Each structure stands twice: as C-alpha cells, then as structure tokens.
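Letter by letter, the chains look like this.
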Amino acid sequence: MKVAVYPGSFDPITYGHLDILKRGAKIFDKVIVAVLINSAKQPLFSVEERKQMITEAISQTEYGVPVEVDSFEGLLVDYLRDKDIHVILRGLRAISDFEYELQIASINRKLANDVETIFLMTNNMHSFISSGSVKEIAKYGGDVTDLVPSHVVTALREKADYV
Ligand code: PNS
C-alpha cells in the first residue's frame, strides 16, 4: 500500500492545498494530511481548528482513497518513521517555492534516506494562492471566496481581528 503524508501549516487550508490533495489521492492508496504543531509560530488558527477545517473540506470531495487528517510535533521524518511511511507529498507553485522546498526535501533526505519527497505542480488556477495572502486579504475585508472553501471564509470572518 502506497501511503503519502501531505504535511504543512495549513493556516488555513486553501483551494491550492485541496488541489494537491485531490491529485495526490490519484497517485497514492492513502494520504494523511499532517498539520504541523509549531509552538514557535503564531498561527491564526489553532491546530484543532485547522484540523477541523481540513476535515470539513475533505468531506466535500470524493477522493476514491482514504484521506486522513492528523497533526505532528517535532521532525517530520520522525512522524513518518513512527508510521512506517516513506513518501512526503508537497505542492510547488512557482519557482519562488523551489529553494524552500529543495531545502526541506534535502534536509529530510539527509535525516532519513528512505524517505522521498514527491512534488506536484500546483494547478495554474491556484498557483497564486497562499495561506498568508488569504489571511491578509481577509484581514482587510477582501473577498476570498474563490481561494478557500466557504466554511474557511466563515472561520476567517469569525476571527475578530480579521473581520
Ligand atoms: O506549510 P508549510 O509551513 O510550508 O510546511 C512546512 C513543513 C511543515 C512541511 C516543514 O516546516 C516541516 O516539516 N516542519 C517540521 C520540522 C522538520 O521536520 N524540520 C526539518 C525539515 S525543514
């Protein structure tokens, strides 16, 4: 069984992430979306809120294979090792992502050479979406309805500072 972990901050999940997930699910027998618990970062949404938003988003699509939502703390390769998984799934939007992704993938390979990172090129339609820009647009009252699922739009509105 080919299982992939799709890790990220997902603060919040966007249509760009969901596109990668949908296409990843065509390649793997199971995909685990793993939200990073990062105490050094100040996310807008708590890990539980992010997991809930992802769970709701994936319930709206038929993936054809199991898609699970989980969280992890510490090194990604340790999480993979614990679960005996050897593939990391990541999306690449533009050349600007490349350096960051190359660094993460290279570090992960150094830490665990039995782990491969598979990149999918984000659909052009979504290549400009990032969680950061979604939060900024929402913060200033801009329209994010084409960028994130409707329950995420609602969640963004509910964050007092982001109305
Ligand atoms: O959505 P993001 O913030 O770009 O995701 C980055 C993520 C979560 C994939 C990366 O920061 C990560 O795996 N962090 C866990 C700590 C770790 O394993 N670090 C070593 C590789 S840089």
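Report follows, based on the coordinates. As the structure is a computational prediction, the values presented were derived from the model and not from experiment.

### Remarks on the packing of helix α2 (residues 47-59) against helix α6 (residues 150-158)
Between α2 and α6, the least distance of the axes is 9 Å, while the angle of their chain directions is 155 degrees. Taken together, the axes of α2 and α6 lie roughly antiparallel to each other. Taking contact as the criterion, the partners of Met53, Glu56 and Ala57 in α2 are, on α6, His151, Val152 and Ala155. Across the contact of α2 with α6, the residue classes break down as four nonpolar, one polar and one charged.

### Observations regarding the nonpolar core
In terms of nonpolar packing, the biggest core is built from 34 residues, with Leu21, Leu89, Val144, Val148 and Leu156 touching the most fellow members. At the level of elements, β1 (3-8), α1 (15-24), β2 (30-37), α2, β4 (87-92), α5 (131-139) and α6 are the ones that each hand at least two residues to this core. In terms of residue count, α2 provides more of this core than any other element does, five residues in total. Those residues in contact with Val144 that sit more than four places away from it in its chain are Val134, Ile137, Ala138, Val153 and Leu156. Core analysis: the second largest hydrophobic core is formed by 13 residues, Phe72, Leu76, Ile88 and Ala112 among them.

Thresholds applied
Residues numbered from 1 in each chain as written. Predicted model: local features only at pLDDT ≥ 70, side-chain atom pairs only at ≥ 80, totals over all residues. Heavy atoms only, no water. Axes fitted to C-alpha atoms, helices over the stretch in contact; angles between N-to-C directions. Helix = DSSP H or I, 4+ residues; strand = E, 2+ residues; numbered from the N terminus. Parallel < 35°, antiparallel > 145°, perpendicular 65-115°, else oblique. Contact = heavy atoms within 4.5 Å. Nonpolar A, V, L, I, M, F, W, Y, C, P; charged D, E, K, R; others polar. Core = buried A, V, L, I, M, F, W, Y, C linked by side-chain atoms within 4.5 Å. Buried < 20%, exposed > 50% of the residue type's maximum accessible area, 1.4 Å probe, protein only.

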